[in-house]
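An overview of the molecular structure
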Amino acid sequence: MNDDLAEKIAGWQPKSAPDTFLQAFQSRCKYEEDLLLARSQFELETRLHNFSSGPPIEALVRDFFRRILPSRYAVDCGHVMDLTGKTAGECDIVVHNDTWFPSIRARVSEDDRYYILGAESVYAALEVKQTLDLSTLEQAMEKLVVCSRLGRERRSFATTLTENRYMERSDTTVGNRLFTGIVAVRLGNCTQQELIEKFVEINRLLSRDEMVRSICILGEWTSLWGYRSERFGRDMIASFMDEDLTSEIKIGLAAKEYGNCPLSVFSAHLIDSVTLSTLCSWKFAENYGAYTAPKLADPSYGFTISAPGST
């Protein structure tokens, strides 16, 4: 009897699902990608001018990332500002932390686009384009590079424990890397080759901290940076956080023609980046509570409290 029961219990095994997690995620992104393309075409047909993405497409793409990213990551449009008051202007999509970091200027309403976020609170900044050509590529990259150049304390994996806890330790990794990317509905008046060449040409003139990470053309392809890992002995996607900071990197394409869903690849790359990042401690009172350090009272005023145990 016990042998029969043991055999029965041994048969309690997980069942094979019709799809793997990867296939299910790709299917979901493919459905969303087709929906975005269809909606974009509708918007295009109902507008006379289509040189910019327009709020409808930006809002749809933003809503997609709001649903696909884990719930701890807030997704909005807004202005990103650093401690010195410098700003990159309005970004189409900002992935940020609204749990540990308050906004500098909150919304007046849900539709208020003048939403100001501290640079320290931002995981990613994305630009959305209805049509991407050489001109709009440069405009989008300018916005993203300026975001990367905002004052933002750099912290390593080894020093940052959580958003408000860190240790003083020397390390060359980057634990709070800003992800930047471009999502576009279609190519404009240029070829894929010309666009990629322009993208690489601009990035070649930037530091690793400033480089734009990826372009996603919905339904066509997503570009990624890759490198040869000495640690693992194989080709890997660059995270710009560890050994790839000093490695030779090359551009690669995950194209529809090779069986990829471009939006799925871009989304997975974004999720990987934000979930690996731990933002640096903000010291809100120190950085935003006063313009200058408080002046200590003269001891002769009688306002001094002696140290414990002192006479």
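These figures come from a predicted structure and were not determined experimentally.

Glancing now at the overall build of the chain. Scanning the chain from terminus to terminus reveals 7 helices and 11 strands. Residue burial in the chain is summarised as follows: out of 311 residues, 44% are buried. At a minimum sequence separation of 6, the contacts of the chain that also span at least 24 residues come to 71%. Of the roughly 17,800 Å² of accessible surface on the chain, a fraction of 54% belongs to carbon and sulfur atoms.

Take the pairing of strand β9 (residues 221-229) next. The element β9 is extensively covered by neighbouring structure, given that 8 of its 9 residues are classed as buried. When strand β8 (residues 214-217) meets β9, the two strands line up antiparallel, connected through 2 bridges. Each residue of the ladder has a partner; that of I217, found in β9, is W221. From the end of β8 to the start of β9, which pair antiparallel, there are 3 residues, and G219 there has a positive phi angle of about 75 degrees. Bridging between β9 and strand β11 (residues 249-255) involves 7 bridges; their strand directions are antiparallel. Residue pairing across strands places S223 opposite L253, the latter belonging to β11. For β9 and strand β10 (residues 234-237), the ladder comprises 4 bridges, and the chain directions are antiparallel. By the bridge assignment, Y227 is partnered in β10 with M236.

Okay, the packing of aromatic side chains next. In this structure the tally under the stated criterion is 5 aromatic pairs. Of the aromatic side chains, those joined through ring pairs into one cluster are F64, F65, F179 and F266.

All right, on to the pattern of salt bridges then. Per the stated rule, a full pass over the model turns up 9 salt bridges. Of the charged contacts, one joins D63 and R67 as a salt bridge, the two residues approaching to 3.1 Å between their closest N and O atoms. Within this pair, D63 and its partner R67 are both found in helix α3 (residues 54-68), separated by 4 residues, close to a single helical turn. Residue classification places D63 among the partly exposed positions, given a relative accessible area of 31%. Residue R67 is classed as partly exposed on the basis of its relative accessible area of 38%.

The subject of this paragraph is the pairing of strand β4 (residues 122-132). Across the 11 residues of β4, 11 count as buried, placing the element largely inside the fold. The pairing of strand β2 (residues 87-96) with β4 spans 4 bridges and is classified as antiparallel. When the sheet's bridge partners are listed, V95 is paired in β4 with A124. Sheet topology places β4 next to strand β7 (residues 179-187); 8 bridges connect them, and they run parallel. What sits directly across from V128, in β7, is V183.

Right, let's get into unusual backbone geometry. Phi is positive for F240, close to 60 degrees, though the residue is something other than glycine. One can find F240 in the loop between β10 and β11.

Turning our eyes to something else, we now look at the nonpolar core. In terms of nonpolar packing, the biggest core is built from 39 residues, with L132, L137, I182, I215 and W225 touching the most fellow members. Elements with a minimum of two residues in this core: β2, β4, α4 (134-148), β7, α5 (192-204), β8, β9 and β11. Here this core takes 6 residues from α4, the largest share from any one element. Ignoring sequence-local partners within four residues, the contact set of L137 consists of L132, I182, L195, K198, F199 and I215. By size, the runner-up hydrophobic cluster in this structure holds 30 residues, among which are I57, L69, C261 and L279.

Taken together, the side chains of L5, I9 and W12 make up a nonpolar region of the molecular surface, amounting to roughly 340 Å² of accessible area. Relative to the helices and strands, L5 resides in helix α1 (residues 2-10).

What follows covers the confidence of the model for the chain. Summary statistics for the chain give a mean pLDDT of 80 and a share of 76% for residues scoring 70 or more. Confidence, expressed as mean pLDDT per element, reaches its minimum in the chain at strand β6 (residues 165-166) with 54 and its maximum at β8 with 96.

Compared with an ideal rise of 1.5 Å per residue, which puts 15 residues at 21 Å, α4 spans 21 Å between its outermost C-alpha atoms and is within 8% of the ideal. Residues of α4 that are buried make contact with β2, β4, β7, α5 and β8. Between a side-chain oxygen at the N-terminus of α4 and the backbone nitrogen of S135 the separation is 3.1 Å; the capping residue is D133.

Turning our eyes to something else, we now look at the state of the cysteines. Counted according to the given criterion, the structure contains 0 disulfides. With no disulfide of its own, C147 lies 3.4 Å from the sulfur of C91, the closest cysteine sulfur.

Our focus in this paragraph is the packing of helix α2 (residues 21-45) against helix α6 (residues 262-276). The interhelical angle for the contact between α2 and α6, taken along N-to-C directions, is 115 degrees, at an axis separation of 8 Å. Between α2 and α6 lies a crossing of right-handed hand. Of α6, the residues touching α2 (which contributes F25, Q26, C29, E32, E33 and L36) are P262, L263, S264, S267, A268 and I271. Across the contact of α2 with α6, the residue classes break down as 7 nonpolar, 3 polar and 2 charged.

Rules and cut-offs
- Residues numbered from 1 in each chain as written.
- Predicted model: local features only at pLDDT ≥ 70, side-chain atom pairs only at ≥ 80, totals over all residues.
- Heavy atoms only, no water.
- Helix = DSSP H or I, 4+ residues; strand = E, 2+ residues; numbered from the N terminus.
- Buried < 20%, exposed > 50% of the residue type's maximum accessible area, 1.4 Å probe, protein only.
- Contact = heavy atoms within 4.5 Å.
- Areas by Shrake-Rupley, 256 points an atom, 1.4 Å probe, with all protein chains shown as cover.
- Pairing = 2+ DSSP bridges.
- Phe/Tyr/Trp six-rings, centres within 6.5 Å; stacked < 30°, edge-to-face > 60°.
- Salt bridge = Lys/Arg side-chain N within 4 Å of Asp/Glu carboxyl O.
- Core = buried A, V, L, I, M, F, W, Y, C linked by side-chain atoms within 4.5 Å.
- Patch = residues over 30% accessible without salt bridge, like charges linked within 9 Å, V, L, I, M, F, W, Y side chains within 5 Å.
- pLDDT = per-residue confidence, 0-100.
- Expected span 1.5 Å × (residues − 1).
- Polar contact = N/O pair within 3.5 Å; in protein donor to acceptor, adjacent residues only side chain to side chain.
- Disulfide = S-S within 2.5 Å.
- Axes fitted to C-alpha atoms, helices over the stretch in contact; angles between N-to-C directions.
- Left-handed = near helix turned anticlockwise from the far one by under 90°.
- Nonpolar A, V, L, I, M, F, W, Y, C, P; charged D, E, K, R; others polar.

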